[in-house]
Structures are given as C-alpha cells and as structure tokens.
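# Structure assessment
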Amino acid sequence: MRVDFRSDTVTKPTQGMLDAMFSAEVGDDVFVEDPTINALEQKSAKLFGFEAGLFCPSGTQTNQIAINAHTRPGDEVICDVLSHIHVYEGGGIAANSGVSAALLNGEKGQITASQIEGVIKADNVHFPKSTLVSLENTCNKAGGTVYKLNQIQEIQALCNAHKMALHLDGARIFNAFEAAGYSSLDIGKCFDSISICLSKGLGAPVGSVLVGTQEFIHQARRVRKRFGGGMRQAGYLAAAGIYALDNNVDRLKVDHENATELGKAFENLAFVTKVTPVESNIVMVHFDSPDTTEIIMDLLTKNDIHALTLTPTSIRLVTHLDVSSEQFDFALNYILKMNLS
Ligand SMILES: *Cc1c(COP(=O)(O)O)cnc(C)c1O
C-alpha cells in the first residue's frame with residue numbers, strides 16, 4: 001500500500017471535484033469574463049473581508065505579484081530567514097522586483113514586532129526603503145508553525161506606524177485557522193494582502209488566490225499579466241478551487257490529528273533525536289547522523305511509505321486528504337514498530 005507523506009501538494013482531484021470542474025462555466029479571464037474565476041475571486045476576498053481577489057497559477061506567483069505591487073525597485077522586504085518568498089521562489093524578490101530582503105532570525109519561522117523595528121531603515125540615502133513586511137502562517141520550513149493572533153496584531157500596528165505594507169504568505173492559512181482557532185476575518189483585518197493556496201491541503205490541482213483592496217488587486221492584475229500569469233478559460237481550474245473551499249476546509253483537523261500521531265510514534269523510537277513539536281500537518285523528524293537518515297528513508301521507501309529528506313539529518317512528513325484512514329493506519333503501525341536491527 002503506497003502512502004505519500006512527501007507533501008500536501010501530491011493530492012489528486014476527487015470525482016466530486018472533477019464533476020465541478022467539468023461543468024464549470026468559463027470565459028476569457030484576461031477580459032475578466034470568466035464567471036467561475038470571478039466567483040472564486042469574490043468568494044476568497046469575502047472570506048477574508050477584502051474587496052477583491054486574483055486567481056493565479058501558483059502560490060509563488062501570488063507572493064511575487066504581491067511583493068511587486070507593494071514595492072518599488074530599491075525597496076526592501078522584511079521577513080524571516082526561513083520564508084518561502086526568500087528560500088523557495090528562485091530569488092524572485094530580487095529578480096522580479098529589484099527588491100532586497102532584510103532577513104530576521106525568528107523563532108520557528110516567526111518574527112516579532114520588536115525584531116522588525118530593529119531593522120527598519122531610517123529615511124537616509126544610504127539605505128533601502130523598508131516598505132514591506134511579509135509573514136508566513138503556517139511556516140513551511142519551520143514545520144507548520146502557527147502564529148498567535150496578538151503577535152500579528154503587534155506587527156500590524158508597527159507597520160501602520162511606519163507606513164509599511166504587511167503581506168501574508170498564507171499558503172497553509174486554513175491549517176492555521178484549524179490549529180489556532182482564529183478566523184479568516186480576524187486574519188483579514190491584519191494584512192494588506194494575503195496569498196492562499198488551493199493546491200495544498202485543500203486538494204485542488206492548481207491555483208492560488210491573492211486578496212486585497214480593489215486598488216491593490218487592480219495593480220496586481222497588471223503585474224500578473226506582466227509575469228505571464230494571464231490565463232484564459234481557467235474557470236475549469238477555479239471550479240476546483242471553489243469546490244476545495246466548500247468541501248475540504250473542515251477536514252483539515254483530520255490531517256492535524258494524523259500528524260500529531262505520527263509525531264508521537266517517531267518520538268518513541270530510540271534512534272530519533274527529536275521531533276519538532278507538531279502544530280499543524282507537518283512532522284519534522286531529526287536524527288543523529290546522515291547515516292541514520294539514510295537508513296530510515298530506505299526502510300520507509302521499501303515499505304512504500306514516502307517522506308522527504310529535508311536536511312542530511314532530518315526528514316519531513318506532511319499529512320493531507322489523499323491519505324486514507326487505511327493508508328494512515330498501515331503507515332503508523334509500521335512506524336510504531338520500526339527498528340534498525
Ligand atoms: C507551497 C508554498 C507556496 C507556493 O508554492 P507553489 O508551489 O508556487 O504554489 C508559497 N508559500 C509557502 C509557505 C508554501 O508552502
């Protein structure tokens with residue numbers, strides 16, 4: 001039985017989702033004439049209390065568009081050193097927008113208002129302009145960590161005081177809602193723009209949505225075209241996104257329960273040095289040496305259980321909707337009695 005914990009992006013559309021895609025009404029979205037895309041954008045915006053939304057092919061694109069629309073070349077974005085926008089977007093901050101990054105060593109991928117305050121540049125010709133702060137919730141590279149609402153609100157107050165925009169990379173924001181208990185409207189109030197992924201835990205095959213004010217999204221739409229993200233009858237894809245928002249949000253708690261159980265199972269194994277405390281759907285397991293990592297990955301793979309090597313001494317398992325309870329039980333039972341001899 002194959003169990004794929006490499007990423008929550010490996011999910012495939014269900015029959016219900018495919019039916020919704022098949023019957024979508026479509027039009028030319030560059031003319032803003034695709035009714036299904038318009039509906040997804042409106043639905044997403046409303047969910048977070050914003051005026052407008054923009055459907056894009058990927059979360060990298062929504063983030064990169066947001067950075068471009070919030071800044072001018074020579075500006076800087078303040079973010080945690082583990083941020084997806086910095087680590088995993090091909091150097092796009094510099095390449096696409098001529099912007100530099102002030103990187104902070106946060107805790108678990110989370111930065112504080114006082115850390116940010118410490119790196120805001122004075123208005124002086126020597127310095128880049130600090131015009132944007134970007135947060136990631138949950139933080140991927142830190143292991144699915146979840147911000148507290150008051151921590152975000154303090155950052156928002158600081159951004160307001162310094163006239164900096166505040167962007168959220170919310171690729172897994174619905175996991176944060178499930179884990180932390182705050183709502184989409186609570187979060188919407190804190191940010192100038194939010195990027196949400198439909199193709200992670202929500203199970204759509206493609207797509208992210210950027211939400212913000214009418215004015216911001218107007219500019220973002222211009223940037224999307226410039227970045228080559230103007231799609232035509234992509235309502236077939238947006239229909240999957242609408243279906244995902246309607247059907248796949250509440251079940252994220254199952255992923256979190258599964259991740260917690262996996263974490264506990266690994267914690268009890270003698271050859272595991274540490275499991276990063278599980279906060280949402282990502283489990284990070286650490287070993288004492290690259291050799292142990294290799295042995296464990298070999299054993300898992302031989303049993304058709306698939307994880308991702310993150311560093312020479314750590315692996316990552318992500319739970320998602322394409323792990324059935326049978327698959328999960330099979331994998332858990334194997335891990336519970338894993339041994340190296
Ligand atoms: C996956 C992810 C994205 C977007 O990735 P794409 O593959 O471009 O859709 C952005 N931010 C975070 C934190 C992610 O985990």
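Conventions used here
- Residues numbered from 1 in each chain as written.
- Predicted model: local features only at pLDDT ≥ 70, side-chain atom pairs only at ≥ 80, totals over all residues.
- Heavy atoms only, no water.
- Helix = DSSP H or I, 4+ residues; strand = E, 2+ residues; numbered from the N terminus.
- Rg over C-alpha atoms; globule rule 2.2 N^0.38 Å.
- Contact = heavy atoms within 4.5 Å.
- Areas by Shrake-Rupley, 256 points an atom, 1.4 Å probe, with all protein chains shown as cover.
- Lys, Arg positive; Asp, Glu negative; His and termini not counted.
- Charge placed at Lys NZ, Arg CZ, Asp CG, Glu CD.
- Near = heavy atom within 4 Å.
- Polar contact = N/O pair within 3.5 Å; in protein donor to acceptor, adjacent residues only side chain to side chain.
- Nonpolar A, V, L, I, M, F, W, Y, C, P; charged D, E, K, R; others polar.
- Buried < 20%, exposed > 50% of the residue type's maximum accessible area, 1.4 Å probe, protein only.
- Domains from an automatic or database assignment.
- Buried area = accessible area lost by both parts, 1.4 Å probe.
- Salt bridge = Lys/Arg side-chain N within 4 Å of Asp/Glu carboxyl O.
- Axes fitted to C-alpha atoms, helices over the stretch in contact; angles between N-to-C directions.
- Parallel < 35°, antiparallel > 145°, perpendicular 65-115°, else oblique.
- Left-handed = near helix turned anticlockwise from the far one by under 90°.
- Expected span 1.5 Å × (residues − 1).
- Arc of directions from axis to C-beta.
- Pairing = 2+ DSSP bridges.

## Describing the overall build of the chain
Counting secondary structure elements, the chain contains 14 helices and 13 strands. What you see for the chain is a C-alpha radius of gyration of 20 Å, in line with the 20 Å of a compact globule of 341 residues. For the chain, the spread of C-alpha atoms along the three principal axes comes to 60 × 55 × 35 Å. Here the analysis covers contacts within the chain between residues at least 6 apart in sequence; of these, 75% occur between residues at least 24 apart. Entry remark: accessible area of the chain is about 14700 Å², with carbon and sulfur atoms responsible for 51%. Averaging the locations of the 28 positively and 39 negatively charged side chains of the chain gives two centres separated by 3 Å.

## Examining the site of the ligand
In the neighbourhood of the ligand, 13 residues make up the surrounding shell, with Gly-59, Thr-60, Asn-140, Asp-169 and Lys-200 lying closest. Contact distances for the ligand include 2.8 Å between an oxygen atom and a backbone N or O atom of Gly-59. Within the side chain of Asn-140, an N or O atom sits 3.0 Å from an oxygen atom of the ligand. The fraction of the free accessible surface of the ligand (380 Å²) that becomes covered by protein chains is 84%. It is helix α3 (residues 59-70) that contributes the most residues to the shell around the ligand, three residues altogether. By residue class, the composition of the shell around the ligand is two nonpolar, six polar and five charged.

## Comments concerning helix α8 (residues 173-180)
Where α8 is concerned, the buried positions are Ile-173, Phe-174, Asn-175, Ala-176 and Phe-177. Residues of α8 that are buried sit in contact with α2 (35-47), β6 (165-170), α9 (184-188), β7 (193-197), α11 (235-247) and α12 (252-267). Downstream of α8 by one or two residues, Gly-181 has phi in the positive range, about 85°.

## Details of the domain arrangement of the chain
According to the domain assignment, the chain consists of domain 1 (15-247) and domain 2 (251-336). Of note, the centres of domain 1 and domain 2, computed from C-alpha atoms alone, are 28 Å apart. Facing 18 residues of domain 1, the contacting portion of domain 2 comprises 12 residues. Roughly 1300 Å² is buried in total at the junction of domain 1 and domain 2, and carbon and sulfur atoms are behind 52% of that figure. When the buried area of domain 1 at its contact with domain 2 is split by residue, Gly-143, Asn-175 and Glu-178 rank highest and sum to 33% of it. Counting the contacts that link domain 1 with domain 2 gives one salt bridge. As a salt-bridge pair, Glu-279 and Lys-108 come within 2.9 Å of each other at their nearest N and O atoms. At the boundary of domain 1 with domain 2, the tally comes to five residue pairs in polar contact (both at pLDDT 80 or more). The element contributing the most residues to the side of domain 1 that touches domain 2 is α8, with four residues. Class assignment for the residues of the side of domain 1 that touches domain 2 results in five nonpolar, nine polar and four charged.

## A few points about the packing of helix α1 (residues 15-22) against α11
Running from N to C, α1 and α11 cross one another at 135°; their axes reach a closest spacing of 8 Å. In terms of orientation, α1 lies oblique with respect to α11. Once α1 is placed against α11, the crossing between them reads as right-handed. Within the contact between the two elements, α1 uses Gly-16, Met-17, Ala-20, Met-21 and Phe-22 and α11 uses Tyr-236, Leu-237, Ala-239, Ala-240, Tyr-243 and Ala-244. In terms of residue class, the contact of α1 with α11 is built from 10 nonpolar, one polar and no charged.

## What about α2?
The first and last C-alpha atoms of α2 sit 18 Å apart over 13 residues, in line with the 18 Å expected at 1.5 Å per residue. The complete set of buried residues in α2 reads Thr-36, Ile-37, Leu-40, Glu-41, Ser-44 and Ala-45. Seen end-on, α2 carries its buried residues on one side only, within an arc spanning 165°. Elements that come into contact with the buried residues of α2 comprise β2 (52-56), β7, β8 (208-212), α10 (214-226) and α11. Two to three positions downstream of the cap, the backbone nitrogen of Thr-36 sits 3.0 Å from a side-chain oxygen, assigning the N-cap of α2 to Asp-34. Of the residues one or two after α2, Gly-49 is the one with positive phi, at around 75°.

## A closer look at the pairing of strand β12 (residues 308-311)
As defined by bridge partners, β12 adjoins strand β13 (residues 314-318) across three bridges and the pair is classed as antiparallel. The residue bridging Thr-309 from the neighbouring strand is Ile-315, located in β13.

## As for the pattern of salt bridges
Taken as a whole and judged by the stated rule, the model has 11 salt bridges. Taking the shortest distance from any N to any O, the salt bridge between Arg-221 and Glu-41 comes out at 3.3 Å. On the criterion of sequence distance, the pair formed by Arg-221 in helix α10 and Glu-41 in helix α2 is long-range, its members being 180 residues apart. Among the residues examined, Arg-221 registers a relative accessible area of 22% and is labelled partly exposed. Put simply, Lys-121 and Glu-76 hold a salt bridge, and the shortest N to O gap is 2.7 Å. Remark: Glu-76 occurs in strand β3 (residues 75-80) and Lys-121 occurs in the loop between α6 (113-119) and β5 (129-136); sequence separation between them is 45 residues.

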